[in-house]
2 protein chains.
Amino acid sequence: MSMERQDLRKAGLKVTLPRLKVLEILEVSDHRHMSAEDVYKALLDTGEEIGLATVYRVLTQFEGAGLVSRLSIDGGHAVFELEDGAHHDHLLCVKCNRIEEFMDEVIEERQHAIAKEKGFQMTEHSLYIYGICKQCQKDNN
Amino acid sequence: MSMERQDLRKAGLKVTLPRLKVLEILEVSDHRHMSAEDVYKALLDTGEEIGLATVYRVLTQFEGAGLVSRLSIDGGHAVFELEDGAHHDHLLCVKCNRIEEFMDEVIEERQHAIAKEKGFQMTEHSLYIYGICKQCQKDNN
DNA sequence: ATGTATGCAAAACATTTGCACCTGG
DNA sequence: CCAGGTGCAAATGTTTTGCATACAT
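Residues numbered from 1 in each chain as written. Chains lettered and ligands numbered in written order. Predicted model: local features only at pLDDT ≥ 70, side-chain atom pairs only at ≥ 80, totals over all residues. Heavy atoms only, no water.

## Quick notes on the pairing of strand β4 (residues 99–102) of chain A
Reasoning step 1: Relative to β4(A), strand β3 (residues 89–93) of chain A runs antiparallel, the two sharing four bridges. Residue pairing for β4(A): D89(A) is matched across the bridge by F102(A). (Pairing = 2+ DSSP bridges. Helix = DSSP H or I, 4+ residues; strand = E, 2+ residues; numbered from the N terminus.)

Structure, rendered in structure tokens:
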């Protein structure tokens with residue numbers, strides 16, 4: 001019994017082929033961050049006949065179950081990543097769309113302090129740093 | 001000659017009625033943060049016959065001209081605010097959608113430091129803190 | 001068996017665009 | 001006058017949904 005099956009059961013989700021396959025794609029893909037469309041294409045590449053609507057549904061369920069996190073890049077385009085339990089924020093390359101992760105305790109603390117100052121009971125936060133990655137600076141593209 | 005006319009000319013934009021009206025709405029509205037739809041409805045309320053497509057075009061031009069900034073809230077919904085030259089980030093109430101602003105030097109510095117560490121030439125960043133505002137905690141809604 | 005999940009096509013949503021007409025300078 | 005701006009409707013891109021069928025337990 002593979003780990004993935006247990007993950008799904010634990011999440012209260014029936015173990016179905018589309019769910020297993022989507023999970024597998026997320027695990028084996030070279031890219032840690034994938035859009036629903038990316039996952040859909042990857043499934044087609046492996047010969048799976050799974051509808052795009054199902055990919056969206058499955059990813060949304062996975063998000064609810066805490067198996068993946070959804071990032072909202074520049075308004076109107078979401079990408080998903082396998083949840084590893086460790087909170088982190090993202091750096092995005094505006095040229096090649098590479099996504100890197102980071103975590104900074106100082107920023108985390110300041111955010112809590114600011115919410116408190118403003119009388120907000122903080123629920124979450126989203127931080128994206130945009131820039132040109134090392135590779136793209138070198139390639140000058 | 002009103003201030004708004006000069007703003008538009010300085011931005012290289014012809015002074016047209018739709019542009020003046022949109023700018024006026026942004027200036028006189030109770031809400032500092034408005035979506036294109038909000039602006040459109042406010043225009044209708046004042047009896048102006050301006051198309052939604054034009055509102056989008058005008059707001060996008062204003063953004064390009066530096067007259068307004070566009071915020072991308074939770075992926076797939078943009079709001080605009082008059083640009084006042086002072087950079088700031090946002091706190092959003094998940095209950096009542098109130099938007100508050102803040103600016104934290106420590107966070108700004110850390111972001112630059114992180115980009116540098118990762119070899120990124122930082123172009124911009126977006127930071128949103130979500131939570132429940134003081135009023136909504138009191139009202140318990 | 002039976003309640004869920006899936007596939008497909010259509011709907012929804014925010015935003016953009018093509019094009020004929022109108023307007024500001 | 002004429003480049004640029006506008007209104008309308010249609011197109012866009014992403015995500016969601018309705019419904020009949022298929023599947024997991």
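## Quick look at the protein's contact with DNA strand D
Reasoning step 1: DNA strand D sits among 20 residues. The nearest are Y56(A), T16(B), R19(B), T54(B) and R57(B).
Reasoning step 2: Considering DNA strand D, the proportion of its atoms within 4 Å of the protein that are sugar or phosphate atoms stands at 73%.
Reasoning step 3: Between a phosphate oxygen of DNA strand D and a side-chain N or O atom of R19(B), the distance comes to 2.9 Å.
Reasoning step 4: Contributing elements (two or more residues each) for the surface near DNA strand D: α4 (52–64) of chain A together with α2 (17–28) and α4 (52–64) of chain B.
Reasoning step 5: Across the surface near DNA strand D, the residue classes tally to nine nonpolar, five polar and six charged. (Near = heavy atom within 4 Å. Polar contact = N/O pair within 3.5 Å; in protein donor to acceptor, adjacent residues only side chain to side chain. Nonpolar A, V, L, I, M, F, W, Y, C, P; charged D, E, K, R; others polar.)

## Structural notes on the side chain of H33(B)
Residue and element names in this part refer to chain B.
Reasoning step 1: Positionally, H33 belongs in the loop between α2 and α3 (36–45).
Reasoning step 2: Relative accessible area serves as the criterion here: at 12%, H33 is assigned to the buried category.
Reasoning step 3: In terms of polar contacts, H33 uses its side chain to reach the side chain of E81, at 2.6 Å.
Reasoning step 4: Other than its neighbours up to four places away in sequence, H33 contacts D38, L71, V79, F80, E81, H90, I99 and E101. (Buried < 20%, exposed > 50% of the residue type's maximum accessible area, 1.4 Å probe, protein only. Contact = heavy atoms within 4.5 Å.)

## Re the packing of helix α3 (residues 36–45) of chain A against α4(A)
Residue and element names in this part refer to chain A.
Reasoning step 1: Two numbers describe how α3 lies on α4: the axes approach to 9 Å, and their chain directions differ by 125 degrees. One element, α3, and the other, α4, form an angle in the oblique class. Two packed elements cross with a definite hand, and for α3 against α4 that hand is right-handed. Across the interface between the two elements, A36, E37, V39, Y40 and L43 from α3 touch L52, V55, Y56 and L59 from α4.
Reasoning step 2: Here the contact of α3 with α4 is built from residues that sort into eight nonpolar, no polar and one charged. (Axes fitted to C-alpha atoms, helices over the stretch in contact; angles between N-to-C directions. Parallel < 35°, antiparallel > 145°, perpendicular 65-115°, else oblique. Left-handed = near helix turned anticlockwise from the far one by under 90°.)

## Section: unusual backbone geometry
Residues and elements named next belong to chain A.
Reasoning step 1: Phi is positive for N97, which is not a glycine, with a value near 65 degrees.
Reasoning step 2: Mapped onto the fold, N97 is located in the loop between β3 and β4.
Reasoning step 3: N97 sits in the exposed class, given a relative accessible area of 60%.

Worth remembering: the numbers are spatial, not functional.
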